[in-house]
Amino acid sequence: MKGNRFKWQFAEFDEASDISDLLNLAYRGLDNWTEETTLLDGKRASPSLVERSMKESGTYFFVCRNDTALLACIRLTLVGNEAYIGSFAVLPTYQRSGIGTHLLAEIEQIATKEYGVTFFSLPVLTGQNTLKKFYEKCGYHKTGNTEPYPVHLNIGKPKRSDVTIEFYLKKV
């Protein structure tokens, strides 16, 4: 993979539907490695949820495209010197190719240089062991903090009673 071919750019508001589609395909589609389909039923995102997130203070969506498709997306929410990472998805046909590792490192570099971020945090569902290993390879460490799954957000219904959100942290 030629990493320099893939670059983040700020997402436009009219890309909310494409971002929502990518999030649903990458996490709840049949051809993905996140293990989320074994944990949750329902959609992961909707255009209105993405639009609402895009309007939040301190929140930035980035996208990576080629000539024909949206390849990846990520959301950064900045609070002081912390960047909360969410909505990170790579098109399933590009997963396991190194693009996710490259793009995560690139967004961390952007956040550090442009916004003064000194640490990153992100959520992972209990049971997403492959995804946890990915983030650990990228330098993230489990914090021990957990929260109940947010059923009230209508982004999926747990298939098991033990599904929680675990938090990972990376210091720059």
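The rules behind these values
Residues numbered from 1 in each chain as written. Predicted model: local features only at pLDDT ≥ 70, side-chain atom pairs only at ≥ 80, totals over all residues. Heavy atoms only, no water. Helix = DSSP H or I, 4+ residues; strand = E, 2+ residues; numbered from the N terminus. Rg over C-alpha atoms; globule rule 2.2 N^0.38 Å. Buried < 20%, exposed > 50% of the residue type's maximum accessible area, 1.4 Å probe, protein only. Areas by Shrake-Rupley, 256 points an atom, 1.4 Å probe, with all protein chains shown as cover. Lys, Arg positive; Asp, Glu negative; His and termini not counted. Charge placed at Lys NZ, Arg CZ, Asp CG, Glu CD. Pairing = 2+ DSSP bridges. Disulfide = S-S within 2.5 Å.

Student: Got a minute to help me understand the overall build of the chain in this structure?
Tutor: Along the chain, the regular secondary structure elements total four helices and nine strands. Taken over C-alpha atoms, the radius of gyration comes to 15 Å for the chain, in line with the 16 Å a tight globule of 172 residues would show. Across its three principal directions, the C-alpha atoms of the chain cover 40 × 35 × 35 Å. In the chain, which comprises 172 residues, the share counted as buried stands at 48%. When the accessible area of the chain is evaluated, it comes to approximately 9,100 Å², of which 51% is carbon and sulfur surface. Here the chain contributes 21 positive and 20 negative side-chain charges, whose respective centroids are spaced 5 Å apart.

Student: Could you clarify how one ought to interpret the pairing of strand 7 (residues 141–148) in this entry?
Tutor: Along any regular strand, the residues point their side chains to alternate faces of the sheet. With zero of eight residues buried, strand 7 lies mostly on the surface of the structure. One ladder, built from five bridges, connects strand 7 with strand 9 (residues 164–171); its direction is antiparallel. Within strand 9, the residue paired with E147 across the bridge is I165.

Student: Please explain the pairing of strand 9 as it appears in this structure.
Tutor: Across seven bridges, strand 6 (residues 119–125) lies against strand 9 in antiparallel orientation. Of the residues in strand 9, the one forming a bridge with S121 is L169.

Student: I keep staring at the state of the cysteines and nothing clicks. Help me out?
Tutor: Think of a disulfide as a covalent bridge from one cysteine sulfur atom to another cysteine sulfur atom. Evaluation of the coordinates by the stated rule reveals zero disulfides. The closest cysteine sulfur to the non-disulfide-bonded C73 is located on C64, 10 Å from its own sulfur.

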